[in-house]
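Residues per chain are reported as follows:
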Amino acid sequence: MQGNGNIGKREVDFQLTSISQEEEELNLEEFIKNSRSYAIAAWILIPVVTLVFEYFWTMLFGLSLYVLRNLILFIMVLVVINLSFKTFVPRYKRGRMLSVGLVWLILFIVFDVLYHTYLLSIGIDALLIDYNLFIGGLRGLILLAVFLGPFFMVRSRIGDPDLFGMPIGKMATIGLLPSSLKIAYYRRKGAEIGEGVSIGPLAILDCKKIVIGDHAQIGMACMIRANEFTMGRYSTLGMLVIIDTHKVVIGEEVTIQEQVYIGGLKTDKSEIEIGDLSMIFAQSVINPTHPIKIGKRVGIGGSNFLFTHGTWQPILEGFPVAFGPITIEDGVWFPWRVFVLPNVHIGKEATIGAGSVINRDVPARSLAVGIPAKVVRKDKEYIKRYSDTEKRDILRNMLTEFIAYLRIEDWKIDDPDLLEDSASATFRTPRGPSSKEDNQLIFLFENTTSAWEKVNQRAFVITLFALEEQKATELEQVGSWWFDLVNSTWGGKRTKVSLVVNGWLSRYGHWMKYTS
């Protein structure tokens, strides 16, 4: 009995010892997680890699091949950070890694200053220039990698995907490249990218086929995933636009504002097409599971929702399931918070009331409002037909309001000269070329010799009549600009002032296509 008691006592002691050891291990693990000591200690690999690489590079090439040297070092630093967090650095909460990245950044800057000052005899001023990405200093990429690397590479929990191979990982690598290098990278992979294109910081294009027209702009932190992506010239994607679908076709001079999401369930039919001069305002959600076609000069207001599928409950139990395309023809206007359901066709120049839900077709040139939306007026019932005299009065008022706006923007502008055949004013901008000489803003109501005689040499000419091609060419040749309200086109050199004039016309629904 006593022996059995001793055995039982030893078993209890062993269990208590095991529990105590487990508690110590848990406490140690908890201490490591809370202290982030392993993550901070892993920083030592960065200066080691930097020293070894730059020593051998200097031995072989000296200080030449600046761009290649920094890009290779940038990639090596990312790989080292990724491997260290995949092997010996424990799992941490991702949010804790921002402070770790800040510590890494401070330590690396101290190391880098000492390294360049005492070993390479390079002054701090030159190093600061090297850090400045905005003027082409590529060593700033290393600072970004050191600061953001722990956040993106950390394993936050069991089963987490490898961020280095995901789009967010590409944002932390390719996305950090300056626009010019990023464009060169995509061109190297077969993308067709025009002149004057800008791709913002952290923006990535994860696409099999890329075609981007001249002077297109992709904003900061945009993520585009598609098999085919086409974007016309002068089109703009605002910050944090996310596109994730099969095929994307964006026309010319299209604007997609900040935080728009285009994506959702994918099929072989997943496609979105957006016509020239259309605009999608902020925080809209567009789901092209089936095709969505948006025509030219369409306005999709903020927080709009376009869904080509409606499904959740089981179809075999009798619940409704809907899949179908959405077609929005030219000139349609959605104000804010419009919801469009599958299998809807909206006719040309239709207007939808704010907050409406559209579950059926809407005829052209009609006004539909409500939940569900119903047509309340058609064509002539709400679309006015102005006489020529009324149009002239409207343009005179537009000029007067434009002058008042420009004055609060510190433009020097005379009172308007309101005549029977024209309305004009002379101005100078606060800065730039247009601040050094007089410029004329003139609305021409009549295509007559006496009206054209009022046009100065440096003029922004807005015509109430269709402008002849020869006359448009003559205006451009003398350094003027023209805006044809009949054909909704404009031309001349694309400057800040001409864009201000064009933007003012768009306030009144005249979306002009640039043709020069």
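Scroll up for the structure.
Residues numbered from 1 in each chain as written. Predicted model: local features only at pLDDT ≥ 70, side-chain atom pairs only at ≥ 80, totals over all residues. Heavy atoms only, no water.

**A look at the packing of helix α3 (residues 45–61) against helix α4 (residues 66–87)**
Argument step 1. It is the contact of α3 with α4, at a shortest axis distance of 10 Å, that shows an interaxial angle of 150 degrees. When the axis of α3 is compared with that of α4, the two are roughly antiparallel. For the pair α3 and α4, the sense of crossing is right-handed. In this structure, α3 contributes Leu45, Ile46, Val49, Thr50, Phe53, Glu54 and Trp57 to the contact, and α4 contributes Leu68, Arg69, Ile72, Leu73, Met76, Val77, Val80, Ile81 and Ser84.
Argument step 2. Across the contact of α3 with α4, the residue classes break down as 12 nonpolar, 2 polar and 2 charged. (Axes fitted to C-alpha atoms, helices over the stretch in contact; angles between N-to-C directions. Helix = DSSP H or I, 4+ residues; strand = E, 2+ residues; numbered from the N terminus. Parallel < 35°, antiparallel > 145°, perpendicular 65-115°, else oblique. Left-handed = near helix turned anticlockwise from the far one by under 90°. Contact = heavy atoms within 4.5 Å. Nonpolar A, V, L, I, M, F, W, Y, C, P; charged D, E, K, R; others polar.)

**Observations concerning the layout of surface pockets**
Argument step 1. If you add up the space inside the largest pocket, you get close to 1600 Å³.
Argument step 2. Lining the largest pocket are 38 residues; nearest its centre among them are Glu349, Tyr508, Gly509, His510 and Trp511.
Argument step 3. Counting residues per element, the ones that place at least two in the lining of the largest pocket are β20 (333–334), α10 (388–408) and α13 (496–507).
Argument step 4. No other element matches the 4 residues that α10 contributes to the lining of the largest pocket. (1 Å grid on protein atoms, 1.4 Å probe; cavity = no way out; pocket = protein on both sides within 12 Å on 5 of 7 lines; lining within 4 Å. Points joined across faces, edges and corners; volume = space filled by probe spheres on them.)

**Comments concerning the side chain of threonine 308**
Argument step 1. Relative to the elements of secondary structure, threonine 308 occurs in the loop between β16 (305–307) and β17 (309–310).
Argument step 2. Here the side chain of threonine 308 touches threonine 289 through a polar contact of 2.9 Å, landing on its backbone nitrogen.
Argument step 3. Those residues in contact with threonine 308 that lie beyond four places of it in its chain are Asn287, Pro288, Thr289, His290, Pro291, Ile292, Ala322, Phe323, Gly324, Pro325, Ile326 and Pro342. (Polar contact = N/O pair within 3.5 Å; in protein donor to acceptor, adjacent residues only side chain to side chain.)

**A few points about the environment of isoleucine 292**
Argument step 1. On the secondary structure map, isoleucine 292 appears in strand β14 (residues 292–294).
Argument step 2. On a C-alpha basis, the gap between isoleucine 292 and threonine 327 in space is 5.9 Å, while along the polypeptide they are 35 residues apart.
Argument step 3. With near-sequence residues (within four places) excluded, isoleucine 292 lies in contact with Glu271, Ile272, Glu273, Ile286, Asn287, Leu306, Thr308 and Ile326.

**Observations regarding the pattern of salt bridges**
Argument step 1. Inspection of the entire model under this criterion finds 22 salt bridges.
Argument step 2. The salt bridge involving arginine 365 is made with glutamate 349; its shortest N-O contact spans 2.4 Å. Here the residue arginine 365 occupies a position in the loop between β24 (357–358) and β25 (366–369), and glutamate 349 occupies one in the loop between β22 (344–346) and β23 (351–352), the gap between them amounting to 16 residues.
Argument step 3. Accessibility expressed as a relative area gives 25% for arginine 365, which makes it partly exposed. (Salt bridge = Lys/Arg side-chain N within 4 Å of Asp/Glu carboxyl O. Buried < 20%, exposed > 50% of the residue type's maximum accessible area, 1.4 Å probe, protein only.)

**What about the packing of aromatic side chains?**
Argument step 1. Counting across every chain of the model gives 20 aromatic pairs.
Argument step 2. Between phenylalanine 53 and tryptophan 57 the ring centres are 5.6 Å apart and the planes differ by 35 degrees, which places this aromatic pair in the tilted class. Here tryptophan 57 and phenylalanine 53 lie together in helix α3, a separation of 4 residues that amounts to about one turn.
Argument step 3. With a relative accessible area of 7%, tryptophan 57 lands in the buried category.
Argument step 4. Centre to centre, the rings of phenylalanine 85 and tryptophan 104 are 6.1 Å apart; their planes meet at 45 degrees, and the pair counts as tilted. Here tryptophan 104 lies in helix α5 (residues 97–119) and phenylalanine 85 lies in helix α4, a separation of 19 residues in the sequence. Neither residue differs from the other here; phenylalanine 85 and tryptophan 104 are each classed as buried.
Argument step 5. A network of ring pairs unites the aromatic residues Tyr234, Phe483, Trp490 and Tyr514 as a single cluster.
Argument step 6. The ring of tyrosine 234 is capped by arginine 494, whose NZ or CZ atom sits 3.7 Å from the centre of that ring. (Phe/Tyr/Trp six-rings, centres within 6.5 Å; stacked < 30°, edge-to-face > 60°. Lys NZ or Arg CZ within 6 Å of the ring centre and 35° of its normal.)

Function-wise, these values are silent; they only describe arrangement.
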